[in-house]
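Next come the chains, spelled out residue by residue.
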Amino acid sequence: MKFSPALLYLLLFIAATLQAQTAKPDHSLHGVVQDQSGAVIPNAIVVVRSQKGNETSRTSTDERGSFTVPDLASGSMQLEVAKEGFRTMLVPIKAGSSRQPLRIVMPIASVAENVSVAADTSAQLSTEIGQNQSGNVMDANALDRIPLFDQDYITTMSRFLDPDSTGTSGTSLVVNGVEANGPGVTASAIQSVKINQNPYTALYSRPGRARIEITTKGGTPQFHGSATFLTRNSIFDASNAFAETRPSEQRTYFEGSITGPLSHSSKTTFLASLDADKDDQQEIVVADTPGGPINQNVPNPKNHYFLSGRAFHDYGQANQLWAGYSYEHATTRNDGVGGNVLPESGSDTLFFEHEINVGHIFIASPKLVNSLHFLVGHYDWQQHSINDAPQIEVSGAFTGGGAQADERRTEYHFDGTDIVTYTTGRHELKFGIDIPDISRRGFDDWSNQLGTYSFADLSAYASGQPFLYLTQRGEGHINFLETTFAGIFEDTVRPRPNLSLSLGVRYYWQNYFHDIPYNFAPRFGFAWAPKPKGRTVVRGGAGVFYDRTGPSPIADLLHFNGVRLKRYLVDSPSYPVQPAQLAAVPTSIVTLDPQQRIPYSLQYGVGIEQQLNAATSVFANYVGMRGIDRFRSRDVNAPLPPTYTARPNLALGQNRQIESEGYLKSNALEVGFRGRPTKYLTGQARYNLGKTYNDSPWIGGFPANSYAPNADWSRSNNDQRHKFDMLASLQAGKWINFGTALSIYSGKPVNITTGSDDNHDGLTIDRPAGVPRNIMHGPSFIGFDLNAGHEFTLTKEGKKGPVASLTLNAFNVLNHPNYTTYIGVVGSPFYGRPVQAEPPRRMQLNLEFKF
């Protein structure tokens, strides 16, 4: 007999309903409090009030979100549940007739909703699996108090990510439980941002430091809103480290959101948000050309617009259905210019996206909750070279000519999750499906139609002697369907009051890469308090996380199949290349290793957390990671050593084989604090001492010698031995508030290369003899940002009424140059020196109004 998941849902629904109906009433009230994703909410305040509003009893939820009100008085009453960051819930109850256990789902609060709760409990220790103190969590109020450059909270929080954990498809952005391209709302409509919360859960594809979880705000029965205007002007800024004259720059940004009722009933509400951003910035070119050195400021303007609208309908006991639409549009001029890249080699980009989101929370019984969320969208990204000419690359000196980067990518996509939460006894079961991506993608690759000439140095360019010419001819348009799918099961159980365990598994599948059907990823986590009411928690876990290719490798396999889009590599051509030379060269292809497997990483860790006071904790963790069968590319038709003069198969050029043979090893110790050490100071900080080595930087990365790929074992491109990050705010009385962001990093490595193609494989990544990969130490980074602000109450209601705020922000206060990297090309006039730097000290003024 074939067993249907739908049948399981029905059986669980019937069992839960029968149990609720046959439970014997008593004089106590039992319940559990959850958010809209089904996660429990500990430390929520639960108050029972009489019909007149008088408080008759008070308690709070425990680490599992459960509460009990003993000796409940007879008659009709009202239950009030409050927690900072959530909308206060008022639930009518009647002794002896209310279903038990009572399940209360708390929607996210709006911008101006005020909740009267106890002191900040975000740093209180708990043996709840998802309450690890090493997570980085910022709610809307906390984000308002720290320096946010251009309201970009995602970049601000990204400092706590681990780049080597992110996988091939990049950082996973999870919005209301679903992987998405963007948050779907503007900054003031964000409720919270989380990184590394519950790092080993089976609910998500990537580990904690490889994903950003965003929760957006919902609608409210009263009108509330927020409007922010910010501006910057370079006359108040310091000069760029490489600019001979200060570039003229200006930015204006407007953002706002409003929420309120859609009808006379408070059960139907809306949320609308928009932003408009005009950024007239400039890039600095530092290059050496045959005509002499160049130092030039180049305009690089960016414009961005976004709008969204959502409607919410609440029905039953906290059931909710919502739907929304968003549109985003962005343009950039002179993209890619700066450093060694001359203005003539820039390109212009255009991006827009339409998206529809739908969500549904349904409480089938006090024990059974279903959470559905999906989105459909259309995405279009275009890049156009501003100069129609061949590209000229002189290693480590300059890049000129045309960008040769004409591309277009379109996408019609569906993402979604459907998660069932079932609570029974000491167990909380979550199971369902996750569809990270089903997309019909279009890739138009018209790059390198006129080709790219590569020269070893300026003297070779002056004599017209390139060592390589690359060009592409043929059909650049393809369409394909990319499909990924995941199945989820997780059981969180509390066998003892001071011990929680989480056991889960995630099934993974994607098409095109041999459609492997047996990728199961087990996950495990635990939290244990040596003393049931002590101030110490030991927690840890482990998990397997499968990689995902993303669309680009699939497009390469379809484009460069030897027929559709032909790629030619001409070794030591004339300048310009002659048609006869091009006709004599076979096409290059991209193939998939027959033994290819989906790579996976094993991440594990253990740590200890200590409560210092009621709102502050510290932690120390060890985190290890092993990357198994990592993606890499290798030319399996590279010219044979020791002479490197001829390819084994003369009928082919480069044969880039995508394979799973790489390895990564990482170990790290992290220590930090989180909470409110004094009544004035709130924040979080983390110091990370780590080391990461690998032999395959990414799916498109080749080894210097395709016949000796293991020789590339060295520091990861992202390896930084020391990292310190802090976000904090200081309330210095009623007149002024301060916020700060501090980041101090040691340098990433730099790869030393010859700047030429010494082994004639068409790649300019050859290293001098005996020089390991990534041997040079790169520049360090110091970023110190500050802000100071004041809130103005506009009515006699004080902060419960309309509020305006004025905030002055300073970014890179110390004006540290923060060089991006060093030039590693041995023959470059800039060898061992930087040619680009992060922005200098910049000032920003924020005006904000809330009601």
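Residues numbered from 1 in each chain as written. Predicted model: local features only at pLDDT ≥ 70, side-chain atom pairs only at ≥ 80, totals over all residues. Heavy atoms only, no water.

Describing the overall build of the chain
1) Next: Helices and strands together make up the secondary structure of the chain, namely 6 helices and 45 strands.
2) Next: Taken over C-alpha atoms, the radius of gyration comes to 29 Å for the chain, in line with the 29 Å a tight globule of 851 residues would show.
3) Next: Its C-alpha atoms give the chain principal-axis dimensions of roughly 95 × 70 × 50 Å.
4) Next: A burial count over the chain gives 55% of its 851 residues as buried.
5) Next: Across the chain, every contact between residues at least 6 apart in sequence was considered, and the portion connecting residues at least 24 apart equals 70%.
6) Next: If you sum the accessible surface of the chain, you get close to 35500 Å²; carbon and sulfur atoms cover 59% of it. (Helix = DSSP H or I, 4+ residues; strand = E, 2+ residues; numbered from the N terminus. Rg over C-alpha atoms; globule rule 2.2 N^0.38 Å. Buried < 20%, exposed > 50% of the residue type's maximum accessible area, 1.4 Å probe, protein only. Contact = heavy atoms within 4.5 Å. Areas by Shrake-Rupley, 256 points an atom, 1.4 Å probe, with all protein chains shown as cover.)

Digging into unusual backbone geometry
Glycine aside, residues mostly have negative phi angles, and peptide bonds mostly take the trans form.
1) Next: In the segment running from Tyr575 into Pro576, the intervening peptide bond is cis, with an omega of 5°.
2) Next: For Pro576, the position within the fold is in the loop between strand S32 (565-571) and helix H6 (579-583).
3) Next: The amide bond that connects Pro641 to the next residue, Pro642, takes the cis arrangement and shows omega of 5°.
4) Next: Positionally, Pro642 belongs in the loop between strand S35 (616-635) and strand S36 (655-675).
5) Next: A positive phi is found at Asp515, a non-glycine position, where the angle reads about 45°.
6) Next: Judged by its relative accessible area of 39%, Asp515 falls in the partly exposed class.

Comments concerning the sheet that holds strand S2 (residues 45-49)
1) Next: If you trace the 4 strands from one edge of the open sheet to the other, you get S3-S2-S5-S6, paired in antiparallel fashion. On the outer flanks of this sheet lie strand S3 (55-60) and strand S6 (89-94), each paired with one strand and no other. When strand polarity is set aside, the average angle formed by the axes of neighbouring strands in this sheet is 20°.
2) Next: Alignment of S2 against strand S5 (residues 76-82), held across 5 bridges, turns out to be antiparallel. Counted as the bridge partner of Val47 is Glu80 from S5. (Pairing = 2+ DSSP bridges. Axes fitted to C-alpha atoms, helices over the stretch in contact; angles between N-to-C directions.)

Observations regarding the sheet that holds strand S4 (residues 66-69)
1) Next: Sheet architecture is open: 3 strands sit in the order S4-S1-S7, paired in mixed fashion. Edge positions in the sheet fall to S4 and strand S7 (102-106), since each has one partner strand and no second. Each neighbouring strand pair of the sheet contributes to a mean axis angle of 25°, computed without reference to strand direction.
2) Next: Inspection of the sheet shows strand S1 (residues 29-35) paired to S7 by 5 bridges, in the parallel sense. Bridging across to S7, Asp35 finds its partner in Met106.

Quick word on helix H5 (residues 551-559)
1) Next: Taken together, the buried positions of H5 are Pro553, Ile554, Ala555, Leu557 and His559.
2) Next: For H5, the secondary structure elements touched by its buried residues are strand S25 (427-445), strand S28 (477-496), strand S29 (499-510), S32, strand S33 (589-592) and S36.

Digging into the packing of aromatic side chains
1) Next: Inspection of every chain in the model, using the stated rule, returns 24 aromatic pairs.
2) Next: Joined through ring pairs, the aromatic side chains of Phe398, Tyr453, Phe455, Tyr461, Tyr469 and Tyr575 make up one cluster.
3) Next: One residue, Arg567, lies across the ring of Phe560, its end atom 5.7 Å from the ring centre.
4) Next: Between the NZ or CZ atom of Lys723 and the centre of the ring of Tyr745, over which it lies, the distance is 4.8 Å. (Phe/Tyr/Trp six-rings, centres within 6.5 Å; stacked < 30°, edge-to-face > 60°. Lys NZ or Arg CZ within 6 Å of the ring centre and 35° of its normal.)

Thoughts on the nonpolar core
1) Next: Within the largest apolar cluster, 27 residues are counted, with the highest numbers of intra-cluster contacts made by Met138, Leu143, Tyr153, Val193, Ile212, Ile214 and Leu727.
2) Next: Looking at this core, the element that brings in the most residues is strand S11 (residues 190-195), giving 3 residues.
3) Next: Non-local contacts of Leu727, meaning those with residues more than four positions away in its chain, are made with Met138, Ile146, Thr156, Met157, Arg159, Phe160, Thr682, Gly683, Gln684, Thr740 and Ala741.
4) Next: Residues Ala44, Val46, Val48 and Leu72 belong to the second largest nonpolar core, which totals 24 residues. (Core = buried A, V, L, I, M, F, W, Y, C linked by side-chain atoms within 4.5 Å.)

Concerning the environment of Ser126
1) Next: Residue placement: Ser126 occurs in the loop between S7 and strand S8 (136-139).
2) Next: Each C-alpha atom of the pair Ser126 and Leu321 lies 32 Å from the other, and the pair is 195 residues apart in sequence.

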